[in-house]
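A look at the structure
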Amino acid sequence: MMRISPTDSAQKRLYIYNRTVPDVAGYADLLDIERNWAGRLAADHERQAPAFASGEDLLAALSKLLDEEEKAGPSEHERFLAEEATLRQFKSVVAAFAVDGLVESQSHLGIIRRLPARARTMVMQVLIDEFGCGNDEQEHAQLYTKLVTELGMPTDLEYYVGIAPDECFAYVNLFHWFAERAPKPEYFLGAYAYFESSVLYAFKCYAAASSRLGIVNSRYYTEHLYIDTFHSRRMRSSIRALERDRPVDLAKVWAGVTMTSAVVAEATEAALGRSRRVAA
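So, here's what we can say about the structure. Every chain begins its residue count from 1, and numbering advances along the sequence as written. The model is predicted, so local features are restricted to residues of pLDDT at least 70 and side-chain atom pairs to those at 80 or more, both for listing and for counting; the totals for chains, interfaces and linings are taken over all residues. Side-chain metrics rest on all non-hydrogen atoms present in the structure, leaving aside hydrogens and water.

Turning our eyes to something else, we now look at the overall build of the protein chain. The number of helices and strands found in the protein chain is 14 helices and zero strands. Counting from the amino terminus, helix and strand elements in the protein chain follow one another as α-α-α-α-α-α-α-α-α-α-α-α-α-α. The buried share among the 280 residues of the protein chain stands at 54%. By sequence separation, contacts in the protein chain at least 24 residues apart represent 82% of the contacts at least 6 residues apart. Numbering of helices and strands starts at the N terminus; helices are DSSP runs of H or I of at least 4 residues and strands are runs of E of at least 2. The cut-offs for exposure are 20% and 50% of the maximum accessible area for each residue type, with area from a 1.4 Å probe on protein chains only; residues under the lower value are buried, those over the upper are exposed, and the others partly exposed. Every residue pair with non-hydrogen atoms within 4.5 Å of one another is taken to be in contact.

This part takes up the nonpolar core. To define a nonpolar core, start from buried Ala, Val, Leu, Ile, Met, Phe, Trp, Tyr and Cys residues and group those joined through side-chain atoms within 4.5 Å. In terms of nonpolar packing, the biggest core is built from 92 residues, with Tyr144 and Tyr221 touching the most fellow members. Excluding residues that lie within four positions of it along the chain, tyrosine 221 makes contacts with Phe90, Val94, Tyr144, Leu147, Phe203, Tyr206, Ala207 and Ser210.

Our focus in this paragraph is helix α4 (residues 76-83). Turn by turn, an α-helix covers 3.6 residues, leaving residues three or four places apart pointing in a common direction. Here α4 has its buried residues at His77, Glu78, Phe80, Leu81 and Ala82. Against α5 (87-96), α11 (186-202), α12 (204-212) and α14 (250-276) lie the buried residues of α4.

Next up on the list: unusual backbone geometry. Only a minority of non-glycine residues have a phi that is not negative, and only a minority of peptide bonds are not trans. Phi angles above zero are rare outside glycine, and serine 105 is one such case at about 75°. Structurally, serine 105 can be placed in the loop between α6 (98-101) and α7 (117-130). The backbone of cysteine 133 shows a phi angle near 55°, a positive value even though the residue is not glycine. Mapped onto the fold, cysteine 133 is located in the loop between α7 and α8 (140-150). Overall, cysteine 133 belongs to the exposed group, its relative accessible area being 54%.

Once that is clear, we can look at the pattern of salt bridges. Only one rule defines a salt bridge in this text: a Lys or Arg side-chain nitrogen within 4 Å of an Asp or Glu carboxyl oxygen. Evaluation of the coordinates by the stated rule reveals 17 salt bridges. Put simply, aspartate 44 and arginine 47 hold a salt bridge, and the shortest N to O gap is 2.2 Å. Here arginine 47 and aspartate 44 lie together in helix α2 (residues 24-47), a separation of three residues that amounts to about one turn. Here aspartate 44 falls in the partly exposed class, since its relative accessible area comes to 33%. Exposure remark for arginine 47: the relative accessible area of 61% places this residue in the exposed category. Between glutamate 76 and arginine 276 there is a salt bridge, and its shortest N-O distance comes to 3.7 Å.

What follows deals with the packing of aromatic side chains. Paired rings are identified among Phe, Tyr and Trp, the last through its six-membered ring, by centres lying within 6.5 Å, and are further divided according to the angle between planes into stacked (under 30 degrees), edge-to-face (over 60) and tilted (the rest). Taken as a whole and judged by the stated rule, the model has 21 aromatic pairs. Ring centres of phenylalanine 90 and tyrosine 221 lie 6.3 Å apart, and the angle between their planes is 70°; on these two criteria the pair is classed as edge-to-face. Of this pair, phenylalanine 90 sits in helix α5 while tyrosine 221 sits in helix α13 (residues 219-245), and the two are 131 residues apart along the sequence. An aromatic cluster of three or more residues is present, and its members are Phe97, Tyr171, Phe175, Trp177, Phe178, Tyr187, Phe188, Tyr192 and Phe195. Of note, arginine 276 hangs over the ring of phenylalanine 80, and the distance from its end group to the ring centre comes to 4.5 Å. Remark: a charge is flagged as sitting over a ring if the NZ atom of Lys or the CZ atom of Arg is within 6 Å of the ring centre and within 35 degrees of the ring normal.

On to the packing of α2 against helix α10 (residues 166-181), then. Taken N-terminus to C-terminus, the directions of α2 and α10 make an angle of 95°; their axes are 11 Å apart at the nearest point. As summarised for this structure, α2 and α10 are arranged roughly perpendicular, according to the angle between their axes. Residues Tyr27, Leu30, Leu31, Glu34, Trp37, Ala38, Gly39 and Ala42 of α2 lie in contact with α10, whose contacting residues are Ala170, Asn173, Leu174, Trp177 and Arg181. Among the residues forming the contact of α2 with α10, the class breakdown is nine nonpolar, two polar and two charged. Angles run from 0 to 180 degrees between N-to-C directions of axes, and those axes are lines fitted to C-alpha atoms, restricted for helices to the stretch in contact. Note on terminology: angles under 35 degrees are roughly parallel, angles over 145 are roughly antiparallel, angles of 65 to 115 are roughly perpendicular, and the others are oblique. The classification used treats Ala, Val, Leu, Ile, Met, Phe, Trp, Tyr, Cys and Pro as nonpolar, Asp, Glu, Lys and Arg as charged, and all other residues, Gly among them, as polar.

The following block contains the structure:
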């Protein structure tokens, strides 16, 4: 059972609160961490959002952002992982992201009750895939479990909570906030639309490394490269569906996009940067 230690960082405490049932003091700490981190970050990103005339304008800007990121090519860390990382270094990356991979998409479930029917349906179609369409063997978290098992690593989430970098905790914690406690669901829709689109590029280096290193259970990565084309379309449709149902705060949608871009980049930099310091 995960427990809070006096020496735990704010992001680690927040991750544990999100995975357990905190007492009154713990919940107060949770809200305080989120207010001083996610709340302030959201306000900053929202202030910087362009004045979009419509959801279609925002989706065009999202496409442009993704196109610019793709044209920039892989980062040096991503190139290293794809082309040079040893098995030991690859395992370091897998360990860093296990706090997400072993529980993938569980942080998203709170959004369902906050959306009207048409937008909810679009998101639910994505989540059904994430949870394997009712087939345990296809659930993305189970695909990650198979990956760590092949690599001879523990399958116990608590082990990785003890070693994960704060930036990887933050990535998961952000989606808990988007889904459950952000002032409006717009943040989540922007965040998930960005994420499901960006993974189509971001996971290429992981798939390449798995192939190069002869890893059999690499479907966690290759499945995302296949299914997230559909997921990207569904999440864009969820924004359109919400806009048909009621006025949408597009600044909050865009804040979800840019916050996720920044936090995921920090998590990737932390995980891949740490792997390069592991002795080959």
